[in-house]
Amino acid sequence: MRILFFGTPEFAVPSLAVLVENGFEVVGVVTAPDKPAGRGQKIHFSAVKEYALSKGLQLFQPTNLKDKLFLDSMQKLQPDLGIVVAFRMMPVELWSMPKLGTFNLHGSLLPQYRGAAPIQRALMNGEKVTGVTTFFLKHAIDTGGIIFREEIPIIPGENAGELHDRMMEKGAALVLKTVKAIEQERYSMQEQSDFIRPGEELKSAPKIFKEDCRINFSNSVASIFNQVLGLSPYPGAYFELKNEIDNVVIAVKVLETSFELSDISTPHQLLTDQKTFLKIGTSDGFIVIEELQWPGKKRMKTKEFLRGFALDKNWTIL
């Protein structure tokens, strides 16, 4: 089969690599245009581009997926199958082009967690199980017929970065299984509605915005603990500290926590011995800050942070 691959971030690289390593013919790789990144605004290549260049694969970086010249170049490749892993929304002219269709790898057990941030949202909601799904694209996002699904138990205390890396490898294996099944015509596509149990609520996975990252210490310890897991290491949950003397407000990123249940806690109350612990009151206990990042500083354990900074009574939680 002549395969056309679409992907951009690190999550997509193992899926592309497994195709190359198993001898499939990848006739083209489509990824995001280069963009400046970091303080120096140096041009940054996507992880998929880096891999494609290392393997001598034909690379395309369109700014407009509906551009006629780009679509013509895709048609000339005569693709049999399209594969999408962590790419942007595609026009029907593109995903319907391959003879056998185009399938997508999604980081959830569809139809649950349709959307841009399934890994983060599952952890933020305290799920115990997630998974990866391959499905054929159709007009509505993440709604096409399912080819395969594979469950992945979530390890207690696992953060989004750790789960991402496990799902990345599981997803690549599922991509390979899916391609082989399509090649051999040994699969039975199922509608997503077949996987919805009576009375089951469908949860969505919208993009993460800044307001999703701010910690509200009026919430329960469990919800805050899960919020931190789902947003660590990137983009990171945060809270704001205010110095009552000079009115300076600092946004502190929280990367790791534990918690203590208590019926005597006060939301937003800051407690520390200035040496070993920092904890903040919630509606039903205390969130213990284990690792944090001060603006402009490296991430550090709380003990290390307290050795160099005094959180005296002039600091309050907003």
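Our subject in this report is the structure included herewith. Remember, it's a predicted structure, so these values are computed and weren't measured experimentally.

Right, let's talk about the packing of aromatic side chains for a bit. Under the counting rule described, the total for this entry stands at nine aromatic pairs. Taking the centre distance of 5.7 Å and the plane angle of 50° together, the rings of Phe6 and Phe87 count as tilted. Of this pair, Phe6 sits in strand S1 (residues 2-7) while Phe87 sits in the loop between strand S6 (81-85) and helix H4 (92-95), placing them 81 residues apart in sequence. Considered together, Phe6 and Phe87 belong to a single accessibility category, that of buried residues. Note on Phe217 and Phe239: the rings are 5.7 Å apart at their centroids and 75° apart in plane angle, and the pair reads as edge-to-face.

This brings us to the layout of surface pockets. If you add up the space inside the largest pocket, you get close to 1,600 Å³. Taken together, 43 residues make up the lining of the largest pocket; nearest its centre are Pro9, Ala86, Phe87, Ala116 and Ala117. Secondary-structure elements contributing two or more residues to the lining of the largest pocket are H4, strand S7 (102-106), helix H5 (118-124), helix H6 (160-184) and helix H7 (210-213). Each residue belonging to the lining of the largest pocket can be placed in one class, and the counts come to 26 nonpolar, nine polar and eight charged. Residue lining of the second largest pocket: 17 residues in total, with Leu109, Gln112, Val129, Arg197 and Glu200 positioned closest to the centre. At three residues, the largest contribution of residues to the lining of the second largest pocket is made by strand S8 (residues 129-136). Among the residues making up the lining of the second largest pocket, the classes are represented as six nonpolar, four polar and seven charged.

Okay, a negative patch on the surface next. Among the surface-exposed residues, Glu10, Glu162, Asp165 and Glu169 lie close enough to one another that they form a single negatively charged patch. Its location among the elements puts Asp165 in helix H6.

The next thing to look at is the nonpolar core. Phe5, Leu19, Ile83, Phe103 and Val179 are the most contacted members of the largest nonpolar core, which has 40 residues in total. It is H6 that provides the largest number of residues to this core, a total of 11 residues. Excluding residues within four positions of it along the chain, Leu19 makes contact with Ile3, Phe5, Phe24, Val26, Ile83, Val175 and Val179. In this structure, Phe217, Val221, Leu229 and Ile287 belong to the second largest nonpolar core, which totals 31 residues.

The next thing to look at is the pattern of salt bridges. According to the stated counting rule, one finds 14 salt bridges in the structure shown. Glu158 is the partner of Arg166 in a salt bridge, and the nearest nitrogen-oxygen pair spans 2.7 Å. Among the salt bridges present, the one from Glu260 reaches Lys279, with a minimum N-O distance of 3.1 Å. Of the two residues, Glu260 is situated in strand S11 (residues 249-261) and Lys279 in strand S13 (residues 278-281); the sequence distance between them amounts to 19 residues. Overall, the relative accessible area of 34% leaves Glu260 in the partly exposed class. For Lys279, a relative accessible area of 16% puts it in the buried group. A single network of salt bridges, built from pairs that share partners, joins Glu256, Glu291, Arg299 and Lys301.

Within the fold, Glu183 resides in helix H6. What makes Glu183 partly exposed here is its relative accessible area of 40%. A C-alpha to C-alpha distance of 28 Å links Glu183 and Pro62, two positions 121 residues apart in sequence. Those residues in contact with Glu183 that lie beyond four places of it in its chain are Met1 and Phe24.

Thresholds, definitions, all that
Along each chain, the written sequence defines residue order, and numbers are assigned to residues from 1. With the structure being a predicted model, the display of local features is reserved for residues of pLDDT at least 70 and the display and counting of side-chain atom pairs for 80 or more, all residues being used for whole-chain, interface and lining totals. To obtain the side-chain values, all non-hydrogen atoms of the structure were included, while hydrogens and water were left out. For Phe, Tyr and Trp, rings pair up if their centres lie within 6.5 Å, where Trp contributes its six-membered ring, and each pair is then called stacked (planes under 30 degrees apart), edge-to-face (over 60) or tilted (otherwise). Put simply, DSSP marks the helices as runs of H or I at least four residues long and the strands as runs of E at least two long, and each gets a number from the N terminus on. Per-residue accessibility, obtained with a 1.4 Å probe over protein chains only, is compared with the maximum for each type, and a residue is labelled buried under 20%, exposed over 50%, and partly exposed between these values. Cavity means a closed set of points on a 1 Å grid over the protein atoms alone, one where a 1.4 Å probe fits but cannot get out, pocket means an open set with protein on both sides within 12 Å along at least 5 of 7 lines, and lining means a residue has an atom within 4 Å of a point. Grid points are joined across faces, edges and corners, and a volume is the space filled by probe spheres set on the points. When residues are grouped by polarity, Ala, Val, Leu, Ile, Met, Phe, Trp, Tyr, Cys and Pro land in nonpolar, Asp, Glu, Lys and Arg in charged, and all others, Gly among them, in polar. Note that patches include only residues with greater than 30% relative accessible area and no salt bridge, and the join distances are 9 Å for like charges and 5 Å for nonpolar side chains (Val, Leu, Ile, Met, Phe, Trp, Tyr). Note on areas: these come from Shrake-Rupley sampling with a 1.4 Å probe, and a residue is covered only by the protein chains present in the view. Here, a salt bridge means any Lys or Arg side-chain nitrogen found within 4 Å of an Asp or Glu carboxyl oxygen. When charges are counted, neither His nor the chain ends are considered; positive counts come from Lys and Arg and negative counts from Asp and Glu. Charged groups are reduced to one reference atom each: NZ for lysine, CZ for arginine, CG for aspartic acid, CD for glutamic acid. As used here, the term nonpolar core means buried Ala, Val, Leu, Ile, Met, Phe, Trp, Tyr and Cys residues forming a set that is joined through side-chain atoms within 4.5 Å. Should any heavy atoms of two residues lie within 4.5 Å, those residues are counted as being in contact.

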